[in-house]
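These are the residues of each chain, in order.
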Amino acid sequence: MKPASKFALIFLSVGVSALAMQSCSSTEAKDDKEHKDSAAAAPALEAFTLQQGQLSTSIKIPGELVAFQRVDLYAKVSSFVKKLYVDVGSEVKAGQLLVTMEAPELNSQLSGAESRLKSQEAIYLSSKATYDRLLETSKTPGTVSQNDLDIAYAKQKSDLAQLDAAKASYREVGDTRNYLEIRAPFSGVISRRNVSAGAYVGPAGKGSDLPIFTLQEQKKLRLVVSIPEAYNSYLNNNSEVKFTTKSMLNQTFTAKVSRLSGALDERLRSQSIEMDVINEDKQLLPGMVAEVAIPLTGNHTSAFVVPSKAVLNSTQGVYVIKVVNGMAVWVPVKTGRKTDEQTEIFGDIALNDTLIKVASEEIRDSSAIKHVNVTGAK
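The rules behind these values
- Residues numbered from 1 in each chain as written.
- Predicted model: local features only at pLDDT ≥ 70, side-chain atom pairs only at ≥ 80, totals over all residues.
- Heavy atoms only, no water.
- UniProt positions renumbered as here; feature names shortened; annotations may be inferred.
- Helix = DSSP H or I, 4+ residues; strand = E, 2+ residues; numbered from the N terminus.
- Buried < 20%, exposed > 50% of the residue type's maximum accessible area, 1.4 Å probe, protein only.
- Areas by Shrake-Rupley, 256 points an atom, 1.4 Å probe, with all protein chains shown as cover.
- Core = buried A, V, L, I, M, F, W, Y, C linked by side-chain atoms within 4.5 Å.
- Pairing = 2+ DSSP bridges.
- Axes fitted to C-alpha atoms, helices over the stretch in contact; angles between N-to-C directions.
- Parallel < 35°, antiparallel > 145°, perpendicular 65-115°, else oblique.
- Left-handed = near helix turned anticlockwise from the far one by under 90°.
- Nonpolar A, V, L, I, M, F, W, Y, C, P; charged D, E, K, R; others polar.
- Contact = heavy atoms within 4.5 Å.

Per an unreviewed UniProt entry, the protein carries the name RND family efflux transporter, MFP subunit and comes from Chitinophaga eiseniae. As recorded by UniProt, the Sequence similarities (unreviewed entry) comment attached to the protein reads in full: "Belongs to the membrane fusion protein (MFP) (TC 8.A.1) family."

Structural data, given as structure tokens:
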């Protein structure tokens, strides 16, 4: 090989080697830079100092609006409907005549009772007069024996008792005839009518299975709610709640607790609570279903309240992650009331503990935590 060719080959080999070394050096420098950039870009974990607080929240429970007073009006005596003075939707006042009925046999019974009363009254007046004359005559010695006087006195007392019985019988028939008129026991609205004029009504027989009218008070309603046992301590007399109805979703109503049953239902383990609702404009109707918001505040001592994301729900249990000497410690806890943003927790935790704000299973138990940024809990 010629010297010139040999020199060119050596120069080419050196150039290739230098180029390769430069490429490797550039790649390593690039990797180091990316590693440093990645380490610098890793964000610090957000943490907060544990403090006590009170969670203001509420639960929504279905309730029912019912009439404050409701009555089914039946006929007490067997009779026929003579005339109806009201119909469905009629507003009535207390004492207003609603329906009249007719039963001709009652008139006959009343006439008979009246005749017996007059007859017994005449008998009593006769026996009383006889006794009075004998008593006056007996003042003359030897005219009337004491036995005759006693017999006359006993007859007078017996006739008086019979007269009282006749009066009672007459009043009974008269009171029964008064049941042929039905009047409103309170002011309200007729919500149902089940008979027409001429229908047979009475305590027994066809046509008596349903009431003549159903009367309901609308200007004052009862909101009835069954409160589960766990939430009974949050309500007492005069507690105020808010509720909505399906027909008026944009309008919120207020009611005040008036009556508590004082016992739990054996099947549902809940207490029935009634609230009075003033309904002068009659926007609300008996039978409506209401969604009642029960406030869960004011009856419990302060607890630890943390952001809901700070609570880790894993397959092993419920935890919060506490930072102790630069190490992550999983602390098992129990949760209480919750909202979308906050949760009550109970467990082996203390005031001013440092907790991770967003708990994740990627933060392993007992792992080292280098960068922690402690901020507020909210």
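Still to come is the rest of the account.
I'm lost on the overall build of the protein in this one. Help?
From N to C terminus, the protein includes 3 helices and 23 strands. In the protein, which comprises 378 residues, the share counted as buried stands at 32%. Carbon together with sulfur atoms contributes 52% to the accessible area of the protein, which is approximately 23600 Å² in total.

Quick question: what am I supposed to make of the nonpolar core here?
Side chains of nonpolar character tend, in soluble globular proteins, to be buried together. One finds Leu-223, Phe-243, Leu-284 and Ile-294 to be the most contacted residues of the largest nonpolar core, which totals 24 residues. When contributions to this core are tallied by element, the ones reaching two or more residues are strand E3 (58–67), strand E12 (220–228), strand E13 (240–245), strand E14 (248–264), strand E15 (270–278) and strand E16 (289–295). Counting 21 residues, the second largest nonpolar core, distinct from the first, contains Val-77, Val-81, Ile-190 and Phe-213.

What am I meant to see in the pairing of E14 here?
Within a regular strand, the side chains alternate between the two sheet faces. With 5 bridges connecting them, E13 and E14 associate as antiparallel partners. Residue pairing for E14: Lys-242 is matched across the bridge by Thr-254. One ladder, built from 5 bridges, connects E14 with E15; its direction is antiparallel. Bridging across to E15, Val-257 finds its partner in Met-275. What sits between E14 and E15 in their antiparallel hairpin is a turn of 5 residues, with Arg-269 showing a positive phi close to 55°.

Explain the sheet that holds strand E5 (residues 79–84) to me, please; I cannot follow it from the model alone.
Each strand in a sheet pairs with its neighbour through backbone hydrogen bonds, running either in the same direction (parallel) or in the opposite one (antiparallel). Read across the open sheet, the 4 strands follow the order E8-E7-E5-E10; overall the sheet is antiparallel. With one partner strand each, in any of the chains shown, strand E8 (181–183) and strand E10 (200–201) form the two edges of the open sheet. Sheet analysis places E5 next to E10, joined by 2 bridges and oriented antiparallel. Bridged to Phe-80 within E10 is Tyr-200.

Hey, could you run me through the packing of helix H2 (residues 104–137) against helix H3 (residues 146–178) in this one?
Two packed helices can be described by the angle between their axes and the distance between those axes. At a closest axis distance of 8 Å, the pairing of H2 and H3 adopts a crossing angle of 160°. By the criterion of interaxial angle, the relationship of H2 to H3 is roughly antiparallel. As for how H2 packs across H3, the hand of that crossing is left-handed. In terms of residue class, the contact of H2 with H3 is built from 17 nonpolar, 9 polar and 9 charged.

Where do I start with the environment of Thr-335 in this structure?
As for its placement among the helices and strands, Thr-335 is situated in strand E20 (residues 327–338). Here the alpha-carbon distance between Thr-335 and Gly-347, two residues 12 residues apart in the chain, equals 8.9 Å. Ignoring sequence-local partners within four residues, the contact set of Thr-335 consists of Val-311, Val-318, Thr-343 and Glu-344.

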